[in-house]
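Each chain is listed here by its residues.
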Amino acid sequence: RDILGTGLRKGLAFGLVGGTLGATLSLMMGPALANAVEAVSPGNPFILASAVATLVAVCALVATTAARSAARTDPTDLLRGYPGGRTTRR
């Protein structure tokens, strides 16, 4: 559980930081690119929120998958040098 929680927290932190940076950059670059995309206004809050929510959801899914894989891996196999370790589920 500790491995799963740690992996999920780190993945969500990366997602939130990436979403925040992306939203900030899009607000700064939006007016410059407004002519390229005519159907969307540069500061549309629904589009920004949807993009950030999608990014965070994908990060959570990937982090959960990686953390579950790490939780199933036998630490002694990793210490013995088996590449990728063997999973405890056989």
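Everything that follows concerns the structure shown earlier in this document.
Residues numbered from 1 in each chain as written. Predicted model: local features only at pLDDT ≥ 70, side-chain atom pairs only at ≥ 80, totals over all residues. Heavy atoms only, no water.

## A look at the overall build of the protein chain
So, step 1. When its secondary structure is counted, the protein chain shows 3 helices and 0 strands.
So, step 2. Reading the protein chain from its N end, one meets helices and strands in the order α-α-α.
So, step 3. Looking at the protein chain as a whole, 14% of its 90 residues are labelled buried.
So, step 4. Counted over contacts in the protein chain with a minimum sequence separation of 6, partners at least 24 positions apart contribute 49%.
So, step 5. For the protein chain, the exposed surface amounts to about 6,800 Å²; the carbon and sulfur share of it is 68%. (Helix = DSSP H or I, 4+ residues; strand = E, 2+ residues; numbered from the N terminus. Buried < 20%, exposed > 50% of the residue type's maximum accessible area, 1.4 Å probe, protein only. Contact = heavy atoms within 4.5 Å. Areas by Shrake-Rupley, 256 points an atom, 1.4 Å probe, with all protein chains shown as cover.)

## Overview of the environment of Phe-14
So, step 1. Assignment of secondary structure puts Phe-14 in helix 1 (residues 2-33).
So, step 2. Spatially, the C-alpha atoms of Phe-14 and Val-56 are 8.3 Å apart, while their sequence positions differ by 42 residues.

## Structural notes on a nonpolar patch on the surface
So, step 1. A contiguous nonpolar surface patch, about 320 Å² in accessible area, is contributed by Leu-25, Met-28 and Met-29.
So, step 2. Inspection of the secondary structure puts Leu-25 in helix 1.
So, step 3. Relative accessible area serves as the criterion here: at 49%, Leu-25 is assigned to the partly exposed category. (Patch = residues over 30% accessible without salt bridge, like charges linked within 9 Å, V, L, I, M, F, W, Y side chains within 5 Å. Salt bridge = Lys/Arg side-chain N within 4 Å of Asp/Glu carboxyl O.)

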